[in-house]
Every structure is written in C-alpha cells, then in structure tokens.
Amino acid sequence: MPKVKEIEILIIGGGPAGLSAANAAAELGASVLVLERDGKPGGQLVKQTHKFFGSKKQYAGDRGYQIGHLLIDQCEKNPKVEVWTDATALGIYEDGVVTAERQGKHLKIKPKKIVVATGASEKMIAFPNNDMPGIFGAGAVQTLMNVHGIVPGQRVLMIGAGNIGLIVSYQLMQAGVEVAGIIEASPTIGGYLVHASKIRRAGVPILTSHTILEAYGQESVEGAIICQLDEQWQPIPGSEQDLKVDVICLAVGLSPLTELCFQADCQMKYVPELSGHVPIRNDYLETTRPGLYVAGDVSGVEEASSAMVEGRLAGVSAAYSLEYGNDAAPKLQAEAMAELSELRSGPAGQKTLKGIMKLTDKGEAAC
Amino acid sequence: MRITEHPILDFQRGEEVSFFFEGQEIKGFEGETIAAALHAAGIRVLGHSQTMHRPRGLFCAIGNCSSCLMVVDGEPNVRICVEKLRSGMKVESQQGKGCLR
C-alpha cells in the first residue's frame, strides 16, 4: 500500500448517515472510502428490530437491521465504494491528511472531501452509585441483546421514556426479560405514543414525573430507589419506591460525537435543541472548514431516518463539489432537503428546526 | 444468559471456543466480543477503579467509554466490548490503571 492513500471522498463512520453518503456520492461517480471503527458497518441501525416510520423513500415499514443490511449491500455492490472496517479515524490535519488506526497500523489518507458521520454517544445522569456494574446505556443493552443474543439481566428499570427508552424496553420484553417499569422525569412521555401504548398493553408501567434517587448493591446493581417529582421537579418525600432490579438502563439522550470536528477546527456552537456542541454548517451540510461535511447525529441528534437523508445530501454535495453529477446533483439535493423538511414537520421536528435555525443564524456568537 | 428463541432475530454464532477468566475456563463463541462472552456467563464485574476501588462494568458496549478495560493476555487497558474473543485468551479483571509487563 502506498504511504498515503489518496481518495476523492472520505467518509468517517459507517452508520446510516455514512453509508447513505457513500452510496449517494458513488452513484454520481465519485470514489469513496468509508472508515468504520467497528468490525462491520451498519452502526446502530443493524441493532434496531422495530419498523421504521416516514415514507417509502426512507424505508418505512422495514425494520432497522433490514435497512442497515440494504445499505451495506448497496455499498458492497458499488465498485466505487471501499469500506475499511476496524479502522478508527484519529485526526484531520491542516494539510488535509486524515490519520487512522487499523489493525495496529497508523495509516494516512489524503481525501479531496470529507464527510464526518461519527454519530453520537450516550448521555449519563447523576445519582449515587451510577458507576456500578449493571447500569448500561440503552445502546449497550441493544448491542448485547440484538447483536450478540445475550440478555443483560433478569429485571430491568428503564430510565427515560423517549423513543429509545420505549423501544429498548419492548426489545427487552421480546428477549424474555422483565421490565419492572419505565421512569421519566418530565411530566409527559417523550416518545411516540404508538410505542408507549404497546408497552403499557403488556402491563409495564410508565411512570412520568419520576426519577431515580440511587442505585444500590454490593459489587453490582441489586436495586434502585425511585421517587415522584413535584411540579418544580423536586422529589416528593414519602413517594420513594424500592425496586429490586439487576439492570438499570439509561435512555436519557445522546450527545453528538464531535471530537473530530473540534479537532479539525470547524466552528462549533452549543445548541441544546441538537443535544450538544455541533459544527456550524450550511444547507448542504458543509461546515466552516471548506470541503468538510457532516451528516447524521454528529450534526445534531435526530433519528436514523433523517440521518440517512442527511447522508445522501452530504454525499451528493461532496461529489457535486468535485464536479460529479452536474446534471443530477442539484435535483438530488433539492429532493433530500424537501425530505428533511417533511421528516421534521411533526411536533418532534420543531425542536430540531429551532436548533438548525440557531446554527445558521450568522448574527450570534459561536465558540 | 443467551437468548435461544427470539421473535424477530436469528443469531448466527461462530464456533464454540474456550477462554479463561481469572484462570477459570469459560466457553464462548468465536467472533463475539469478550464482553458478550463474559455476560453470557453472568460475569459483569470487570475490574476496579484506581482510587476508590469501585467495581467497574460494561456501559456503552461500542468502545466509547472505557468502563470495561481489562487485562487480556497480559496486556492491560483492552476495551473488551470491542475486542473479539479467540480460543485460549486469558482475561483478567483490571485493578486501576493496570500495569505493563
């Protein structure tokens, strides 16, 4: 292998956004390399067993892992796409060189354009003994159950009634694990009611305005004390309940994995609606570092459906900037942008739209 | 514990292999992570923290958080949530930062 691998478009992250970007750019004729740190591409999408919403173009009705395999298939069939698994991007340098680690080797890549699609990482909440074995992020539970076919324990307390908390609770039940309850600090269920109803029908309580006070156990979780919150989100004395559980699953949100964007000197901004620090970018998802695009959760935490459309938009835009698809690209860009608007037209999308407005508002100071 | 029946998924497991946890022989499947094999065997205390000696377990399972660092074949700080299981591996719980031999 030459000392520096040259490629037209480098995509960092082989999840729903990255693979969609790879396929879209390669369709227009660009040569693409995808770096995936895991042993196989697909990201978190291949761990999703539920059916997706949206329209046919966003694979509505298919289950997450089926969509994941479809995207992987498309990449494998396209000779313009190369995927390096077990390859972790380490840095993006001023001269445009990207370094990566693969099988103990330090590699250098020189791309013309970069799409960062690194996704997000799980958030944590503060409570005594939150570092104890038996406390997992919801993604970890999905990985154990849906990739390896291993249950995390016998009885689970789920924290968070957003879509992830609801969906993972249902997945736990499908795997034969008892879910003691789902608690949610806010007074309303954050996720779709269709998911919540399914869980309640199965007899699992969803307790809103409830939080965890502490976890307890000797060397690993044996139980949790939960309590009700008042209107000021303060614990109501006397409302404590002791739940005997051996697993506490945290589904309290995600943070964009933006280390590479920071390191590449993209202008960043803290936008709570997008779940953390995100790179400032234009409508085509190009950041303030020319030629560096973002797509998926790294540009603001949303869902896999929008991540795939963002991936397509970033991939097309990167290829177009290299003069591929001069006829087709503008139309594809417009289509993707219209799909994103449609996906964000519901109540949940309002928050995202507000966040994106803040990002593109040139008047405000950025960090 | 391993899932034997699932309404949607069908698990493709590799060849059964033996490995060692604290010298004790355990079975797992090739291609799964060390973390998966340990959890299947009901082992979830993976080490203890440096200063407070608090037990440490799996948290993110995708190589982000470093909660699952263990000593594998003498090498400390291996993220066992992403390290694949191989026959004969010697896995030991890690105390603190671990030490290079």
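Scroll up a little and you will see the structure.
A short tour of the structure in this document, coming up. (Residues numbered from 1 in each chain as written. Chains lettered and ligands numbered in written order. Predicted model: local features only at pLDDT ≥ 70, side-chain atom pairs only at ≥ 80, totals over all residues.)

**Quick look at the overall build of chain B**
Next up, step 1: The helix and strand inventory of chain B stands at one helix and eight strands.
Next up, step 2: In sequence order, chain B lays out its α and β elements as β-β-α-β-β-β-β-β-β.
Next up, step 3: Against the compact-globule benchmark of 13 Å for 101 residues, chain B has a radius of gyration of 14 Å, which places it among compact chains.
Next up, step 4: In terms of its C-alpha atoms, chain B occupies a principal-axis envelope of roughly 45 × 25 × 20 Å.
Next up, step 5: Buried positions account for 38% of the 101 residues belonging to chain B.
Next up, step 6: Residue pairs in contact within chain B that sit at least 24 positions apart in sequence constitute 41% of those at least 6 positions apart. (Helix = DSSP H or I, 4+ residues; strand = E, 2+ residues; numbered from the N terminus. Rg over C-alpha atoms; globule rule 2.2 N^0.38 Å. Buried ≥ 20, exposed ≤ 12 C-beta atoms within 10 Å, placed from the backbone. Contact = placed C-beta atoms within 7 Å.)

**Overview of the environment of Val156(A)**
Next up, step 1: Relative to the helices and strands, Val156(A) is located in strand β9 (residues 155-159).
Next up, step 2: Apart from residues no more than four positions distant in its own chain, Val156(A) is found in contact with Leu172(A), Val177(A), Val179(A), Ala180(A), Val245(A), Val247(A) and Cys249(A).

**Some words on the pairing of strand β12 (residues 210-216) of chain A**
Residue and element names in this part refer to chain A.
Next up, step 1: Here β12 runs beside strand β13 (residues 223-228); their pairing, made up of six bridges, is antiparallel. For alanine 215, the partnering residue across the bridge sits in β13 and is alanine 224.
Next up, step 2: From the end of β12 to the start of β13, which pair antiparallel, there are six residues, and glycine 217 there has a positive phi angle of about 155°. (Pairing = 2+ DSSP bridges.)

**So, the interface of chain B and chain A**
Next up, step 1: Contacts between the two partners involve 26 residues from chain B, matched on the other side by 28 residues from chain A.
Next up, step 2: Of all the secondary structure elements, the ones that give two or more residues to the side of chain B that touches chain A are α1 (34-40) and β4 (55-56) of chain B.
Next up, step 3: Residue contributions to the side of chain B that touches chain A peak at three residues, all from α1(B).
Next up, step 4: Class assignment for the residues of the side of chain B that touches chain A results in 15 nonpolar, five polar and six charged. (Nonpolar A, V, L, I, M, F, W, Y, C, P; charged D, E, K, R; others polar.)

**With respect to the pairing of β13(A)**
Successive side chains on a regular strand alternate, one facing one side of the sheet and the next facing the other.
Next up, step 1: Here β13(A) runs beside strand β14 (residues 241-243) of chain A; their pairing, made up of three bridges, is antiparallel. Of the residues in β14(A), the one forming a bridge with Ile226(A) is Gln241(A).

**So, the packing of helix α7 (residues 304-321) of chain A against helix α8 (residues 329-343) of chain A**
All names here are of chain A.
Next up, step 1: Axis separation between α7 and α8 bottoms out at 9 Å; the angle between their running directions is 160°. One finds that α7 runs roughly antiparallel with respect to α8. As α7 packs across α8, the resulting crossing turns out to be left-handed. Across from Ser305, Ser306, Val309, Glu310, Arg312, Leu313, Val316, Ser317, Ala319 and Tyr320 in α7, the residues of α8 making contact are Ala329, Leu332, Gln333, Ala336, Met337, Glu339, Leu340 and Leu343. (Axes fitted to C-alpha atoms, helices over the stretch in contact; angles between N-to-C directions. Parallel < 35°, antiparallel > 145°, perpendicular 65-115°, else oblique. Left-handed = near helix turned anticlockwise from the far one by under 90°.)

**Topic: the environment of Glu219(A)**
Next up, step 1: Along the chain, Glu219(A) falls in the loop between β12 and β13.
Next up, step 2: Among the residues examined, Glu219(A) registers 14 C-beta atoms within 10 Å and is labelled partly exposed.
Next up, step 3: The sequence separation of Glu219(A) and Glu231(A) amounts to 12 residues, and the corresponding C-alpha distance is 35 Å.
Next up, step 4: Excluding residues within four positions of it along the chain, Glu219(A) makes contact with Pro133(A), Val45(B) and Pro55(B).

**Here we look at unusual backbone geometry**
Residues and elements named next belong to chain B.
Next up, step 1: For alanine 61, which is not a glycine, the phi torsion comes out positive at approximately 65°.
Next up, step 2: Relative to the helices and strands, alanine 61 resides in the loop between β4 and β5 (69-72).
Next up, step 3: Overall, alanine 61 belongs to the buried group, with 30 C-beta atoms counted inside 10 Å.
Next up, step 4: One non-glycine residue, asparagine 77, adopts positive backbone phi at about 60°.
Next up, step 5: By secondary structure assignment, the location of asparagine 77 is in strand β6 (residues 75-79).
Next up, step 6: When the 13 C-beta atoms within 10 Å are taken as the criterion, asparagine 77 is described as partly exposed.

**Side note on the packing of helix α1 (residues 16-27) of chain A against α7(A)**
The relative placement of two packed helices comes down to the angle between their axes together with the axis-to-axis distance.
All names here are of chain A.
Next up, step 1: With their axes 7 Å apart at the nearest point, α1 and α7 run at an angle of 35° to one another. Of the two possible hands of crossing, α1 and α7 adopt the one that is right-handed. Across from Pro16, Ala17, Gly18, Leu19, Ser20, Ala21, Ala22, Asn23, Ala24 and Ala25 in α1, the residues of α7 making contact are Ala304, Ala307, Met308, Glu310, Gly311, Arg312, Ala314, Gly315, Val316, Ala318 and Ala319.
Next up, step 2: Partitioned by chemical class, the residues of the contact of α1 with α7 number 14 nonpolar, five polar and two charged.

**Focus: the sheet that holds strand β3 (residues 47-48) of chain B**
Residues and elements named next belong to chain B.
Next up, step 1: Across the sheet, which stays open at both edges, the three strands sit in the order β4-β3-β8 with mixed pairing between neighbours. Two strands in the sheet have a free side with no partner beyond their single neighbour: β4 and β8 (94-95).
Next up, step 2: In the sheet, β3 pairs with β4 via two bridges, with the strands oriented antiparallel. Bridge assignment links histidine 48 to a residue of β4, and that residue is proline 55.

**Description of α8(A)**
All names here are of chain A.
Next up, step 1: Helix length check: α8 (15 residues) gives 21 Å between terminal C-alpha atoms against 21 Å at 1.5 Å per residue, within 8%.
Next up, step 2: Burial in α8 covers these residues: Leu332, Ala336, Glu339, Leu340 and Leu343. Buried residues of α8 fall within an arc of 100° about the axis and therefore sit on the same side. In α8, those exposed residues whose orientation departs by more than 90 degrees from the buried face are Pro330, Lys331, Ala334, Ala338 and Ser341.
Next up, step 3: Looking at the buried residues of α8, the elements they touch are α7 and α9 (347-360). (Expected span 1.5 Å × (residues − 1). Arc of directions from axis to C-beta.)

**Some details on the sheet that holds strand β15 (residues 247-250) of chain A**
All names here are of chain A.
Next up, step 1: The strand order across the open sheet built from five strands is β8-β15-β9-β10-β11, with neighbouring strands paired in parallel fashion. A single partner strand is all that each edge strand has here, and the edge strands are β8 (135-137) and β11 (206-208). Pairs of neighbouring strands in the sheet enclose a mean axial angle of 20°, with direction left out of account.
Next up, step 2: Bridging between β8 and β15 involves three bridges; their strand directions are parallel. By the bridge assignment for β15, phenylalanine 136 is matched with cysteine 249.

Shape descriptors only; they carry no functional weight alone.
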